[in-house]
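Here is how the chains run, residue by residue.
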Amino acid sequence: MRWASLPWNKPQEALNPPAAKIGIPDTLLDGGARALLDLLPCYVSLISPAREVLWANKALIREAGQVTGLPCHQIYRARHSPCPDCQLGVALEQGSVSVWEESLPGSNLSATHTLVQAVPLQERGAGIQAALKISTDLSPFRARQRQLELSQREYRALFEGVPCYISVQDREFRILKANRLFERDFGRSQGRRCYEVYKGRQQKCEVCPVERSFEDGQIHFSEETVRRSSGEPMEMVVYTAPITDHLGKTFAVMEMSTEITQVKRLQRALASLGQAVAITAHSIKNILSGLEGGAYVVQSGLRRGDPALAAKGFEMVKDGVGMAGRLVQDILLISKARTPNHRSVCPQALAAGVVSLFEKKAADLGVELCLLQPEEKLDPISVDPDAIHTALANLVSNGLEACASVQGLQTGRVQVKVLELPEEECLAFQVEDNGPGVNPEVQERLFREMVSTKGSAGTGLGLVVTEKILREHGGKVRFHCASQSGTVFQLVIPRRPCLGEEDQT
Amino acid sequence: MKNSRNVLIIDDEPAMTTYLSTLLEDNGFVAHVANDPTEGMERLRQMRPDVILLDLLMPHKSGVQIFQKIARDERYKGIPVIILTGIKEHFVENFREFFTTLKLDRPFAYLEKPVDPKHLLRVVEESISPHCSVSNDMFGQTVPYSKTP
């Protein structure tokens, strides 16, 4: 290596005495090269094959004093014997450049950790005479690196530990990263599309907050219904925030979702409760009004000496009392969870019991009521007979009133059927009427809200009660309405093993 | 019936018609009951009542349709109609412009069920008063009502 040959850096005698004066051949490291090395902000030394310092630059001398002639290990690592892990051999013995990191414990040097580069120096035609050891202080970088690693660990802990689902997505809605909670509930998701993982869809959602954050670089919010990998639905509030590069360009979007299933359930329950209270109050108002009217008619009949009128008034009062009783019973039925008192009953006998109860009412209303069921005796079913009786009675009563409300209907007809549904392993009680049907707007709210099409005569609780009873049995209420020409309701009850003797009551 | 004040009640609820007819009869009116819209129109062809009490929510033909029919028929011109219903908010929201758009006379009054008997009697009295009658209409405005001579 011939530093002296560099034309722009001729040696200056005063500052850089000839190499011969300091015991190294000028041809190995001339004055110009040494002047240049003196300017470097790192420790530079020339080490002999015996590991002695032949020359040191100013940065090293400033901190370690005059080191020429001293062993390398003493200066750099405050050792009395050669370092067992000495790496200078690569340069001094093998003639190759080597690079390594070196800690400097106990030395006088301010640097505690250095990046070392050792370059073999040799004169033309001669062997390796020395190695140039250049040690760059890595302490500030190491401190920053430690800080960075700490921050990364903290961010990672935060990312993994927050009690919400976090994913980072690219423009194609591919999940680049997801936190632990996300992967626990939605499975391995890296590389998969958000809409596949969250919703089992094949195409992106119509309104996507991730897409909007990509578009405008803003935070967006939405409420979504998604499915866990187990299939269980959950409601989420979703926030999306852009992740930008140093130029401010969004290259990914972070999606943070919090489960609000319970909150939404509570919200719906409260809304439903509010509505129930309002409708109940309205029903009570109607009942009171009917009672007031009935009382007035009784009084007027007595005053006029008209017993027929008084009797009419009395019937009105009786109807009002009956309605109040039914209202209270329905409210009690829907207001608390009940465990069905299962008994083994004959489905045909249960249906026949309900139908016989309504025979008089059907005759009064001029509606034909019939029971159609298989001739052979069906297997008993395990149900709470009182509850199913109530549910079926609600449907029959609704059917009769629906038929009776139709003006000019030739023959109002309500048919009750008991059907075995072997494919579904269920039994169904079916009530079919040829009444006016239910308009689509009401159909949507039928089982969710208190809906009455009977004006002041209905509380709107009947179907809510019916649906609750079937839900408690693990069954459901099916409904079909063929464009204003009657309705078909089915109480579908799963068949489960019957325990004990068949209930004859 | 000379000097009798005839009220036609069109309502599908028997309890309501019994109550209203008893109340009106006790207060010097002659009550005629129709239990459905068709019967109501039939009654109108047979007699000219001094006032009609019309229920809004009835099966098949709503009270609004019946009102429209009555208001458009020259034969029934000038018979005040008092609407009875339990769906005040819904009615007001949906029918605010209904009468204006169809260029129909507005109902004489609107009464919310359950009706207050004293208020009902006062409104019925006002509707058939030979003098210039004044009543609150359903939209909360006070409007003069003039009977056809």
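Preceding block: the structure.
What counts, and at which threshold
- Residues numbered from 1 in each chain as written.
- Chains lettered and ligands numbered in written order.
- Predicted model: local features only at pLDDT ≥ 70, side-chain atom pairs only at ≥ 80, totals over all residues.
- Helix = DSSP H or I, 4+ residues; strand = E, 2+ residues; numbered from the N terminus.
- Contact = placed C-beta atoms within 7 Å.
- Pairing = 2+ DSSP bridges.
- Buried ≥ 20, exposed ≤ 12 C-beta atoms within 10 Å, placed from the backbone.
- Arc of directions from axis to C-beta.
- Axes fitted to C-alpha atoms, helices over the stretch in contact; angles between N-to-C directions.
- Left-handed = near helix turned anticlockwise from the far one by under 90°.
- Nonpolar A, V, L, I, M, F, W, Y, C, P; charged D, E, K, R; others polar.

1. Section: the overall build of chain A
Alright, step 1. On a plain count of helices and strands, chain A comes out with 15 helices and 18 strands.
Alright, step 2. Nonlocal contacts in chain A, meaning residues at least 24 apart in sequence, comprise 52% of its contacts between residues at least 6 apart.

2. With respect to the pairing of strand β14 (residues 412–421) of chain A
All names here are of chain A.
Alright, step 1. Here strand β12 (residues 367–372) pairs with β14 via six bridges, running parallel. Each bridged residue has a counterpart across the sheet, and for Leu-371 the counterpart in β14 is Val-416.
Alright, step 2. Pairing of β14 with strand β15 (residues 426–433) involves eight bridges; the strand directions are antiparallel. Across the sheet, Leu-421 pairs through a bridge with Cys-426, a residue of β15.
Alright, step 3. The turn linking β14 back onto β15 is made up of four residues, and Glu-425 within it adopts a positive phi angle of 55 degrees.

3. Description of helix α2 (residues 37–46) of chain B
All names here are of chain B.
Alright, step 1. Of the positions making up α2, those classed as buried are Pro-37, Gly-40 and Leu-44. Each buried residue of α2 sits inside an arc of 55 degrees when the element is viewed along its axis, so together they form one side. Turned more than 90 degrees away from the buried face of α2 sit Glu-42, Arg-45 and Gln-46, all of them exposed.

4. Observations concerning the packing of helix α13 (residues 385–404) of chain A against helix α15 (residues 462–472) of chain A
Residues and elements named next belong to chain A.
Alright, step 1. Put simply, α13 and α15 touch, their axes get as near as 9 Å, and they point 145 degrees apart. The interaxial crossing formed by α13 with α15 has left-handed handedness. Each of Ala-387, Ile-388, Thr-390, Ala-391, Asn-394, Leu-395 and Asn-398 in α13 lies in contact with α15, whose residues at this interface are Gly-462, Leu-463, Val-465, Thr-466, Ile-469 and Leu-470.
Alright, step 2. Tallied by class, the residues present in the contact of α13 with α15 amount to eight nonpolar, five polar and no charged.

5. A few points about unusual backbone geometry
Residue and element names in this part refer to chain A.
Alright, step 1. Of note in the backbone geometry, Arg-51 takes a positive phi value of approximately 65 degrees without being a glycine.
Alright, step 2. The residue Glu-425 is not glycine, and still its phi comes out positive at about 55 degrees.
Alright, step 3. Following the sequence through the fold, Glu-425 ends up in the loop between β14 and β15.
Alright, step 4. The class for Glu-425 is exposed, based on 10 C-beta atoms found within 10 Å.

6. Re the sheet that holds strand β4 (residues 113–122) of chain A
Residue and element names in this part refer to chain A.
Alright, step 1. Strand order across the open sheet formed by five strands is β2-β1-β5-β4-β3, with antiparallel pairing between neighbours. The strands lining the two open edges of the sheet, one partner per strand, are β2 (53–56) and β3 (98–103). For this sheet, the mean angle separating the axes of adjacent strands, direction not counted, is 25 degrees.
Alright, step 2. In the sheet, β3 pairs with β4 via six bridges, with the strands oriented antiparallel. Directly across from Glu-101, in β4, lies its bridge partner Leu-115.

7. Regarding the environment of Leu-463 of chain A
All names here are of chain A.
Alright, step 1. Note that Leu-463 resides in helix α15.
Alright, step 2. Using a count of 23 C-beta atoms within 10 Å as the deciding quantity, one classes Leu-463 as buried.
Alright, step 3. Measuring from C-alpha to C-alpha, the distance between Leu-463 and Val-477 comes to 9.1 Å, with 14 residues separating the pair along the chain.

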